[in-house]
Amino acid sequence: MFNLSAKKLATNTGWLLMEKVLRIFAALFVGIMVSRYLGPEKFGQLSYTISLVTILAMLCHLGLEGLTVRHFVKFPESTQETFSTAILLKLFGAIFAYSVLLVFVFLTEQVNSPSFWLLIVAGLYIFAEPILVSCFWFESQVQGKYTAIAKTIGLLTVAIIKLGLIAAGASVVVFGAAFALEALLSAVALVILIIKRSSLSYSAKFYNAGLAKTLMSQGWMVMFGAIFAAIYRKIDQTMLMWMDSAAEVGIYAVGAQISEIWGFIPVAIVASLFPSLIKMKDRDEKCYQQRLQQIFDFLALLSMGLAIVLSVIAEPLILLLFGEQYAGAGYVLQIHIWSCVFVFYRALFSKWIHIEQVLMFSLITQGIGALANVALNLWLIPLYGALGAAWATLLSYGSASFLCLVVHNKTRVVFWMMLKAFFVWPRLPWVARGFYQLIRAEK
């Protein structure tokens, strides 16, 4: 029997899902009101800004998430050093990322223009990134409750603020500030919760240069992989802005928004199971391989079911929620939603990379996805606009998180698991039984 009880796993997953479900409602209520209020052009400007900031924020990712969780689990005696070292590394990364943003803004935007200030204030989001190390510690302890609480505080507070901004007739720049504020409020809540729920300190005196070197030597590949991932996930809106128009970005962003909000499902499931899989790998390789297949099967079942439903209802759903001004987003959603299958797969594959300690595959696969998405966008956006960007996203996701895995012997086993998961429907009883056993943490 593994150390994690079924009750603890279920509770942890439940809290993570609760926060994400609240985020869905915020996106479907507040997000819809914001997009209706701003209209396609201004909403496109806001979406472009958020995409660009998200890409630059990856400069302080440093590949530390999985590595830090793994260190917390395997080396509990050095938890404080790991915690302080990871935070300082990400802080240096955040300063560098924001500096790059400032250079970009001064080179590309007219000083004191709305787009200039929109990027400046939204970019403050980057400084919440170092505090996310607190989330890594809670994840390692299977205490997702506190991460969920912190993120919910930021989410609900800013949701209320956004409603007030709409009533007050605020400019798009203020909505950019609200984007940053949500992350910063959540970061403050995380600091308070760590202080109250652990003996960890945010003091820099526990920084360990040797550990930092080790983490960076292991994490640099994942960091570049994360940068490439951000590019192939967010570059579509950036390239649409550069190659088409803000209004077209707004149309695309609405369709993509409905598709992307479901990405919380695999993240919450896999995050809760990650510590168990680490232990299982060390204790029983055969059981570990079986569990991986069962999780892939379950994720395929969820993602394909979701894609089928949303493909059918996409057009009337967009018209109902966003109105005629966003009518074209229905077609974007019908295409974009199928990328969820590969997003769900990727959540588990990313953890597999850390468990197997084959971090190079993060860099390689994400790099393939980034190159594929940029090339496809260059080809398809001039021809089809937002629809071209949606096709580029789907094809690049499939390339990065599925097709390219067949090339190498090490990843080929995961490729076959994913391929088998595509044909999950005839094996539903076995999948249900296996996933139930996994939740119960049984061998």
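Residues numbered from 1 in each chain as written. Predicted model: local features only at pLDDT ≥ 70, side-chain atom pairs only at ≥ 80, totals over all residues. Heavy atoms only, no water.

Moving on, we get to the packing of helix α13 (residues 340–356) against helix α14 (residues 360–384). One can describe the packing of α13 onto α14 by two numbers: an axis separation of 9 Å at closest approach and a directional angle of 145°. Residues R346, F349 and I353 of α13 pack against F361, S362, T365 and Q366 of α14. Of the residues that constitute the contact of α13 with α14, the class distribution is three nonpolar, three polar and one charged. (Axes fitted to C-alpha atoms, helices over the stretch in contact; angles between N-to-C directions. Helix = DSSP H or I, 4+ residues; strand = E, 2+ residues; numbered from the N terminus. Contact = heavy atoms within 4.5 Å. Nonpolar A, V, L, I, M, F, W, Y, C, P; charged D, E, K, R; others polar.)

Our next topic: the pattern of salt bridges. Within this structure, the stated rule accounts for three salt bridges. Between K90 and E129 there is a salt bridge, with its nearest N and O atoms 3.9 Å apart. Placement of the pair is K90 in helix α3 (residues 79–108) and E129 in the loop between α4 (114–122) and α5 (133–140), with a sequence separation of 39 residues. (Salt bridge = Lys/Arg side-chain N within 4 Å of Asp/Glu carboxyl O.)

A few words now on a nonpolar patch on the surface. A contiguous nonpolar surface patch, about 760 Å² in accessible area, is contributed by Y331, W379, L383, Y384, L387, W391 and L395. At the level of elements, α14 and α15 (386–401) are the ones that each hand at least two residues to the nonpolar patch. In this structure, Y384 sits in helix α14. According to the relative accessible area criterion, Y384 is exposed, its value standing at 52%. (Patch = residues over 30% accessible without salt bridge, like charges linked within 9 Å, V, L, I, M, F, W, Y side chains within 5 Å. Areas by Shrake-Rupley, 256 points an atom, 1.4 Å probe, with all protein chains shown as cover. Buried < 20%, exposed > 50% of the residue type's maximum accessible area, 1.4 Å probe, protein only.)

The tally for this structure, following the rule as stated, stands at 16 aromatic pairs. An angle of 45° between the planes, with centres 5.8 Å apart, marks the rings of Y37 and F175 as tilted. Note that Y37 is positioned in helix α1 (residues 6–57) and F175 in helix α7 (residues 172–197), a separation of 138 residues in sequence. Residue classification places F175 among the buried residues on the basis of a relative accessible area of 2%. (Phe/Tyr/Trp six-rings, centres within 6.5 Å; stacked < 30°, edge-to-face > 60°.)

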